[in-house]
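Analysis of the macromolecular model
Okay, here's what each chain looks like letter by letter:
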Amino acid sequence: MVLKLKVFGIPRLRGKGSLHRSGRGWNLARVVAGFCLLLFWAVVTPARAASFTASLDNDTLTLGQSVTLSLAFEGGSPQNVPAPNVPGLQINQAGTSQNVSWVNGAMNSTVTVAFSVTPQRAGDFVIPAMTIDLNGQRLTSQPLQLRVVQPSAASAAQVESGSQVAFMKLTLPASRIYAGETTAANLEIYLRDDVQNFGNLQFTSTPVDGFVLGKNASGQRYRKQIGNRVYTVIPISIALTVTKTGNLSLGPFTASMVIVLPAQNQGGDAFFNQFFNPGQQKQITLATDEINVESSPLPAQNAPPNFNGAIGQYTMAVGAGPTNVTVGDPITVRIQISGRGDLGSLTLPNQSAWHDFTLYPPTSRVETTDPLGLQGTKTFEQIIAPQNPDVRELPPFSFCYFDPDTGSYQTLTQPAVALAVRSVGATPAPTIVTSQTAGPQTPARPEDILPIKDHLGVLDQTGPPLVTRPGFLVLQTAPVLAWLAVVVWRKRTHRLANNPRLRRQRQVGRLIREGLNELRQFATANQSDEFFATLFRLLQEQLGERLDSPASSITEAVIEERLAPLGAPEPLLNQLRDLFQLCNQARYAPIRGSAELNSVIGQFEKVVRELRELTA
Amino acid sequence: MKNNFPYLACGRRRKKSLNHSQFKPRYLGSYWILSLLSALVFTGKVFAADLPADFNAANKLYAEGKFAAAAAAYEKILQTGAVSPALWFNYGNAEFKLGRPGRAIAAYRQAELLAPRDDEVRANLDFVRNQVTGPTLHESRWQDWLGTLSLNEWTMLAAVTFWLTFMLLALRQIQPAWSPRLRGLTLGVFVLTILSCGGLGVAATIHFSKPVAVVIEAEATARSGPFAEAQDAFKAQNGAELPVLDHRDNWFQVADGSGRIGWLPARQVEVLPGA
């Protein structure tokens with residue numbers, strides 16, 4: 001703030017000075033002078049150095065309680081204050097406040113950023129030193145210590161005395177349990193009768209060893225007298241599944257909650273206070289004792305062969321239909337297992353007596369009747385198909401479970417169901433549940449997934465998509481290159497079509513190439529007449545193309561008449577004359593040797609090269 | 001060994017039947033061109049011959065209700081590098097029967113990537129998705145529409161229209177007289193090329209830059225930072241599909257549908273390309 005006055009105040013002072021000189025009035029000058037004095041005072045007042053401090057409003061607390069971390073910035077306002085990251089502490093920003101004061105003419109501004117710190121476990125924590133950039137200065141706070149202690153359960157004496165505003169109890173209904181058994185623990189929260197209200201109940205720690213916590217459900221509240229005080233009891237049931245044998249422990253569970261107690265010393269009439277006391281909020285922590293329990297393995301003795309791990313108390317009902325079928329027709333066997341236990345994990349036991357049937361994967365549905373999901377009915381639907389017409393009955397169905405209350409195995413058996421199975425030729429595979437079962441107007445939700453596919457189908461290999469394969473991408477340049485090639489070819493053809501001289505030049509070039517081959521053949525065969533006739537024709541073609549004249553009009557005379565004026569070099573003209581003369585002489589002395597004819601070819605090639613360099 | 005890929009067999013037979021004296025440049029050239037094209041487009045589809053037998057054995061285990069053994073058998077086939085929609089589909093069924101909806105969803109999504117219009121895959125995927133509670137990813141309608149073709153199908157569509165466009169352009173150069181008649185067709189194919197390339201671009205962007213993490217554990221706790229001691233951000237149920245925003249070491253940063261962001265350890269999720 002002081003710095004801003006220094007920077008922006010001086011130019012403004014000069015501006016006002018110019019107004020003073022313009023004579024706008026004495027009053028204005030006084031205002032400006034006063035402002036200058038104020039500005040001078042602000043400039044000369046020594047700026048307080050910026051500082052940064054961190055503090056906790058409490059350095060020891062019980063797990064479940066929160067503490068406030070305050071970061072105070074004096075002499076500036078920080079741009080960004082990140083929340084410290086301390087494992088085991090949940091730190092959330094709670095707000096920002098600013099305090100401006102004038103002490104002995106010096107302005108003091110303090111910005112405080114508050115964080116709510118909630119421990120997630122007991123122990124000693126250190127909130128590390130933080131470094132903040134404040135007005136270009138890097139300031140560092142001091143590290144802070146925080147001790148979080150585990151809440152302890154209220155003793156029996158404290159409970160009986162009624163001194164505890166609230167406490168919590170954890171109990172297990174059975175002292176002996178079995179591995180794999182699902183049971184329910186009872187947690188009770190006691191609130192003394194002077195607690196006006198409560199809320200924000202949060203479990204801060206639920207340690208279990210050898211259990212898996214399941215669903216929980218609150219029960220009906222009731223009142224209970226303990227000592228000479230009355231408590232409101234909030235029961236909570238928690239589903240537990242035992243996962244191992246041996247000594248297991250449950251708890252201590254800890255929780256925090258906010259309760260409202262009558263305000264103390266609020267004055268006024270005591271009679272009215274009992275009706276209009278707004279109360280005061282208080283955060284409390286609750287803890288239970290640890291429960292140790294022995295978990296036993298299921299007895300190996302007398303275990304039925306088709307026991308598949310079901311523990312609880314159950315009853316069973318089995319139905320099958322239709323019972324009058326042909327071979328391969330589906331029969332739906334509906335098995336309902338009702339009772340108490342972990343219904344979700346129940347599976348159908350293997351029925352070894354059903355060897356004359358094709359079995360399809362069963363579908364299942366669980367309907368629970370209690371909020372913990374431990375009581376209810378699980379319904380299996382098993383589709384089976386008789387494999388031959390000799391099948392007369394559906395063999396008895398049995399289901400075994402272990403009853404933890406009696407400590408023994410129980411077997412439920414459903415008697416055999418009579419079947420009438422007829423023989424047929426081809427039998428279609430049964431449809432279990434498919435999306436086609438839905439009606440056209442009211443699509444029903446499928447009850448299970450569609451069955452597996454019988455055929456593997458076309459195999460592919462795990463690999464990157466086509467679009468990322470370099471080979472595939474390179475292949476895509478082929479049509480572009482092909483198109484470009486066609487375009488070039490087309491332009492070349494077009495150019496030739498529109499340029500007769502060029503076309504003739506190319507035609508003559510091709511004629512000369514072919515003619516040279518003929519000349520070599522005639523030279524080898526020593527056919528001098530044909531050789532010189534061809535040579536004369538080629539000379540005509542080449543000179544005609546160069547001079548843009550018909551080939552038939554070319555004679556030796558054009559050398560003097562047209563080539564010489566074009567600036568053809570004399571050696572070229574001489575060589576041309578020689579070639580024409582050779583052609584003429586051949587009419588009179590036709591027999592020449594191959595070597596001589598070959599030398600004429602070389603001479604002709606040289607003349608053609610030089611002629612092509614001439615511009616017509 | 002049963003061979004499903006005759007073009008490879010053709011190449012092998014030809015190589016075997018020609019000795020050195022019979023080698024002629026044109027044979028050599030066509031053989032190598034065929035091999036090169038095969039290698040460029042279809043990289044090595046050679047699998048063990050008994051995969052169908054293994055698949056049937058796994059199906060039998062499934063039919064007998066031995067879902068864990070069936071899942072292991074399907075997984076073993078997948079480990080060979082061979083994939084097919086049916087294989088992923090059946091694997092997803094086995095995982096679902098084992099009470100692992102997350103792994104089932106991941107398998108169905110893999111099947112959907114290969115066969116996006118398979119009604120059975122979509123039905124089972126929808127069925128398992130309906131069992132999942134808590135935050136999960138909901139695809140928009142246009143993403144659904146894009147998903148009617150797999151990325152490779154989009155690629156092939158774009159490639160075919162691209163080739164067709166340039167072939168028509170080349171034909172118009174070769175036969176200028178046909179040019180007026182081919183103009184409308186060329187324009188139509190060009191527009192198709194632009195559209196299919198656009199579709200491919202969007203599909204590829206989603207595939208490569210918008211991966212999805214499927215939670216495969218009973219309940220995964222997303223944390224505010226990529227370390228085990230970080231604060232809880234939110235919880236995701238088994239089978240939740242969450243968009244992946246970032247990853248660091250063995251942690252994936254994911255978002256739930258309500259805008260909350262958290263980090264999940266890699267062992268709790270299966271990360272799949274965006275569909």
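Everything that follows concerns the structure shown earlier in this document.
As a convention, each chain's residues are numbered from 1 in the sequence order in which they are written. Chains carry letters from A onward and ligands carry numbers from 1 onward, assigned in written order. Thresholds applied to this predicted model are a pLDDT of at least 70 for local features of residues and 80 or more for the giving and counting of side-chain atom pairs; totals over whole chains, interfaces and linings are not thresholded and use all residues.

What chain B contains, in helices and strands, is 10 helices and 8 strands. As a rule, residues whose C-beta atom has 12 or fewer other C-beta atoms within 10 Å are exposed, those with 20 or more are buried, and those in between are partly exposed; C-beta atoms are placed from the backbone. Relative to its full complement of 275 residues, chain B shows a buried share of 36%. Note on contacts: residues are paired as contacts if their backbone-placed C-beta atoms lie within 7 Å. Relative to all contacts within chain B whose residues are 6 or more apart in sequence, the contacts with residues 24 or more apart total 59%. Helix and strand assignments come from DSSP, with helices taken as H or I runs of at least 4 residues and strands as E runs of at least 2, each series counted from the N terminus.

On the side of chain A, 37 residues touch chain B, which itself brings 52 residues to the contact. Among the elements of the structure, α2 (25-41), α3 (51-63), β1 (82-83), α5 (85-97), α7 (119-131), α9 (151-174) and α10 (179-209) of chain B are those that each provide at least two residues to the side of chain B that touches chain A. Residues were grouped as follows: Ala, Val, Leu, Ile, Met, Phe, Trp, Tyr, Cys and Pro as nonpolar; Asp, Glu, Lys and Arg as charged; and all remaining residues, including Gly, as polar. Of the residues belonging to the side of chain B that touches chain A, the class tally is 31 nonpolar, 16 polar and 5 charged. By this definition, two strands are paired if DSSP reports at least two bridges between them. Where strand β33 (residues 460-461) of chain A and β1(B) come together, 2 bridges link them in antiparallel fashion. Residue pairing in the sheet places A:Asp460 in a bridge with B:Val83 of β1(B).

All names here are of chain B. Between N-to-C directions, angles span 0 to 180 degrees; the directions come from axes that are lines fitted to C-alpha atoms, helices contributing only their stretch in contact. Where α3 meets helix α4 (residues 67-79), the axes come as close as 7 Å, and the angle between the chain directions of the two elements is 160°. It follows that α3 is roughly antiparallel to α4 by the angle criterion. When the axes of α3 and α4 are compared, the crossing they make is left-handed. On α4, the residues that touch Leu-51, Asp-54, Phe-55, Ala-57, Ala-58, Leu-61 and Tyr-62 of α3 are Phe-67, Ala-69, Ala-70, Ala-73, Tyr-74 and Ile-77. Among the residues making up the contact of α3 with α4, the classes are represented as 12 nonpolar, no polar and 1 charged. Any angle that is under 35 degrees is reported as roughly parallel, and any over 145 degrees as roughly antiparallel; angles of 65 to 115 degrees are reported as roughly perpendicular and all others as oblique. The hand of a helix crossing depends on one turn: near helix anticlockwise from the far one by less than a right angle means left-handed, and clockwise means right-handed.

With that out of the way, let us pick up the environment of A:Gly123. Residues and elements named next belong to chain A. With respect to the helices, strands and loops of the structure, Gly-123 is situated in strand β6 (residues 123-127). Since 14 C-beta atoms lie within 10 Å of it, Gly-123 is described here as partly exposed. Among residues more than four places away in sequence, those in contact with Gly-123 are Gly-88 and Val-148.

The next thing to look at is the sheet that holds strand β20 (residues 280-287) of chain A. All names here are of chain A. Across the sheet, 3 strands lie side by side as β13-β19-β20; this open sheet has antiparallel pairing. Edge positions in the open sheet fall to β13 (197-205) and β20, since each of these has one partner strand only. The sheet shows a mean angle of 20° between the axes of neighbouring strands, taken without regard to direction. In this sheet, strand β19 (residues 254-261) lies alongside β13 in antiparallel orientation, the contact comprising 6 bridges. When the sheet's bridge partners are listed, Gln-202 is paired in β19 with Ser-256.

This paragraph deals with the sheet that holds strand β5 (residues 106-119) of chain A. Residue and element names in this part refer to chain A. Across the sheet, which stays open at both edges, the 4 strands sit in the order β1-β3-β5-β4 with antiparallel pairing between neighbours. Both outer strands of the open sheet, β1 (51-56) and β4 (89-103), are each paired with one neighbouring strand and no more. Between one strand axis and the next, the sheet turns through 15° on average, direction left out of account. As judged from the 14 bridges shared by β4 and β5, these two strands associate in the antiparallel manner.

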